[in-house]
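Examination of the molecular architecture
The chain contents come next:
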Amino acid sequence: MTRTKTDILVLGSGIAGLTFAIKASRLFPDRQILVLTKTVEGESNTRYAQGGVAAVWDLEKDNFEKHIADTLDAGDGLCKTDIVRIVVEEGPERVREIIGWGAHFDKEKGSTEYDLAREGGHSEQRILHYKDLTGWEMQRTLMEEAKKCPNITVSEHCFALDLITQHHLGRMVIRVTPGIECYGCYALNKQNGDIDTILARVTVLCTGGAGQVYKSTTNPVIATGDGVAMAYRAKGRVEGMEFIQFHPTSLYNPAGDNPSFLVSEAVRGFGGILKTAEGEEFMQHYDPRLSLAPRDIVARAIDSEMKKRGTECMYLDCRHLNKEDFLAHFPTIYEKCKSIGIDPMENMIPIVPACHYTCGGVLVDEYGHTSIHRLYAAGECTSTGLHGANRLASNSLLEGMVFAHRVAHDLVGKLDAWELQEGIPDWNAEGTTDPQEMVLITQGLKELREIMSYYVGIVRSNVRLKRALDRLFLLYQETEELYKTTTISPQLMELRNLITVAYLITRSASHRRESRGLHYTTDYPEQLPFVEYSVL
Ligand code: FAD
Ligand code: SIN
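Only a predicted model underlies this, so the values are computations on that prediction, with no experimental measurement involved. (Residues numbered from 1 in each chain as written. Chains lettered and ligands numbered in written order. Predicted model: local features only at pLDDT ≥ 70, side-chain atom pairs only at ≥ 80, totals over all residues. Heavy atoms only, no water.)

Quick look at helix α1 (residues 15–27) now. With 13 residues, α1 extends 18 Å between its outermost C-alpha atoms, agreeing within 8% with the 18 Å of an ideal straight helix rising 1.5 Å per residue. Counting buried residues in α1 gives 11 out of 13 residues, a clear majority hidden from the surface. Regarding α1, the residues found buried are I15, A16, G17, L18, T19, F20, A21, I22, K23, A24 and S25. (Helix = DSSP H or I, 4+ residues; strand = E, 2+ residues; numbered from the N terminus. Expected span 1.5 Å × (residues − 1). Buried < 20%, exposed > 50% of the residue type's maximum accessible area, 1.4 Å probe, protein only.)

Next comes the structure, spelled out in structure tokens:
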């Protein structure tokens with residue numbers, strides 16, 4: 001057991017965590033900032049972002065009102081309009097900032113102007129991108145910029161287990177402290193197995209998404225919803241979890257990769273067309289925007305066509321596109337397809353929807369305050385109200401940067417008043433032993449992902465959700481028993497967190513007695529006139 005003290009504790013080193021840390025470092029040069037990340041610093045959802053970052057850039061053609069209208073339209077009546085305005089209006093400044101830190105975005109051939117791409121649901125070309133590796137480039141830039149900040153320490157292979165609140169102190173403190181306060185976290189050092197008590201004046205959750213709760217996902221294996229689960233266990237409010245975005249076009253690979261490889265929506269923005277195995281277009285039966293309709297509509301259309309035809313996948317046809325341009329824009333996608341024997345210039349690309357983005361999360365306000373005092377959150381682990389019932393493509397990197405900035409500035413004038421809480425006990429591992437049967441954990445994970453994929457996927461119904469909740473309860477009980485008796489391991493904690501996330505998704509889905517955005521149920525196919533976010 002070790003004890004660590006820091007001023008500012010950041011959980012996560014993706015776009016939200018690192019942007020926040022860099023900003024905090026400059027606003028608080030005399031304070032220590034500790035960033036924990038559960039594998040290596042560069043591994044995050046951010047790193048895999050392909051399409052790019054949406055921002056109003058070409059003011060001759062585009063404006064804030066159009067980007068706001070597109071975001072609201074995708075969000076299907078549930079976006080918080082003031083938050084949409086904040087992100088859209090502050091976004092371009094954040095993009096200019098990361099460009100200033102060294103991020104490259106592609107320019108038009110022979111020009112100094114940025115090459116703006118288009119994705120589903122956008123009425124204008126406004127996606128800045130770096131080939132099909134935008135996230136990689138942004139992650140690289142942030143890591144390099146963070147290294148220039150002497151008061152930032154990044155601890156790799158450090159797995160945050162639980163937030164520390166006054167519940168860890170006992171009754172007296174609970175009585176004198178109104179509401180819940182966060183004093184840091186317990187974290188497992190994966191290299192030596194120690195559980196560290198980390199005390200901080202403020203904690204910022206930037207732990208990303210939860211795609212691994214489904215069998216097929218574009219999210220890397222780190223995306224296990226740890227932050228959402230930790231906040232919920234600490235009695236924080238969580239919102240909008242029923243809205244899970246399935247990306248319409250992940251590469252269908254019978255070998256069953258985890259994660260599934262994404263074929264960016266930008267490929268459709270570039271002219272790629274969705275087709276059946278026989279080479280026929282089908283999107284005209286679903287939406288006048290065809291292959292570039294918002295994601296919820298396209299994913300449901302593909303799912304419905306696959307079920308109707310009893311096929312394992314549908315296709316994306318790029319054979320009519322110019323090879324040289326395709327290669328310049330999508331070198332990674334081209335290479336990946338080739339590696340499994342598909343030449344996008346000669347064969348249609350087999351695609352299938354896969355879980356891609358967690359629209360809901362820890363409830364935050366416009367400055368990233370959670371419902372827990374001294375706990376902020378930013379990025380994909382949050383529900384800010386920007387995405388509503390469905391996220392508009394390429395709005396999330398933008399949201400991560402905007403909220404990271406807002407959290408850092410909100411701390412000015414507050415941080416000094418928050419003392420470290422010294423009386424926190426160390427992690428109690430009494431009575432636990434090394435796991436005898438890892439299969440209980442690995443099989444538990446497999447079962448969980450099957451439950452979610454079959455019963456809480458793109459199309460839902462009362463009976464499926466009820467079945468999922470019953471199965472999840474059993475898994476929950478078995479896993480809690482393991483947790484009480486077994487030495488902590490990342491696998492066990494991830495399973496536990498994913499079960500919590502699965503419960504939150506399924507419970508929120510059963511509360512919503514209508515179909516809206518990403519939540520579609522055959523029992524209530526219509527929208528209700530009056531809508532609210534579901535808060536748990
Ligand atoms: P992440 O980047 O996922 O970072 C989370 C961090 O938290 C990681 O460092 C992780 O290790 C750490 N962490 C998690 N749990 C713990 C724990 N228990 N202890 C310690 N550390 C922990 N969005 C767009 O806007 N445009 C795109 O083009 C785009 N393309 C995408 C393509 C793919 C394949 C994927 C998967 C997503 C894409 N997205 C895109 C979504 C976008 O990438 C993410 O929403 C965004 O990067 C999330 O950033 P984040 O900082 O919140 O989380
Ligand atoms: C993509 O490139 O299709 C992903 C964009 C996003 O998820 O925002």
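Quick look at the site of ligand 2 now. All residues adjacent to ligand 2 are Q50, G51, E119, H247, L262, S264, E265, R295, H356, R391, A393 and S394. Here H247 contributes a side-chain N or O atom positioned 2.7 Å from an oxygen atom of ligand 2. Residue H356 places a side-chain N or O atom 2.7 Å away from an oxygen atom belonging to ligand 2. Compared with its free state, where it exposes 260 Å², ligand 2 has 93% of that area covered by protein. (Near = heavy atom within 4 Å. Polar contact = N/O pair within 3.5 Å; in protein donor to acceptor, adjacent residues only side chain to side chain. Areas by Shrake-Rupley, 256 points an atom, 1.4 Å probe, with all protein chains shown as cover.)

Below, the discussion takes up the nonpolar core. As a rule of thumb, nonpolar side chains are buried together in soluble globular proteins. In terms of nonpolar packing, the biggest core is built from 55 residues, with L11, L36, L205, Y214, L448 and I505 touching the most fellow members. The element that contributes the greatest number of residues to this core is helix α15 (residues 490–511), accounting for nine residues. (Core = buried A, V, L, I, M, F, W, Y, C linked by side-chain atoms within 4.5 Å.)

Looking at the secondary structure, you find R496 in helix α15. You can call R496 buried: its relative accessible area is 9%. In this structure, R496 is in contact with D162, R233, T479, E480 and Y483, ignoring residues within four places of it in sequence. (Contact = heavy atoms within 4.5 Å.)

On to the environment of E281. Mapped onto the elements of the fold, E281 is located in the loop between β11 (273–275) and α9 (295–309). Sequence separation between E281 and I297 is 16 residues; the distance between their C-alpha atoms is 15 Å. Once you skip the residues sitting within four places of it in the chain, E281 turns out to touch I273, L274 and K275.

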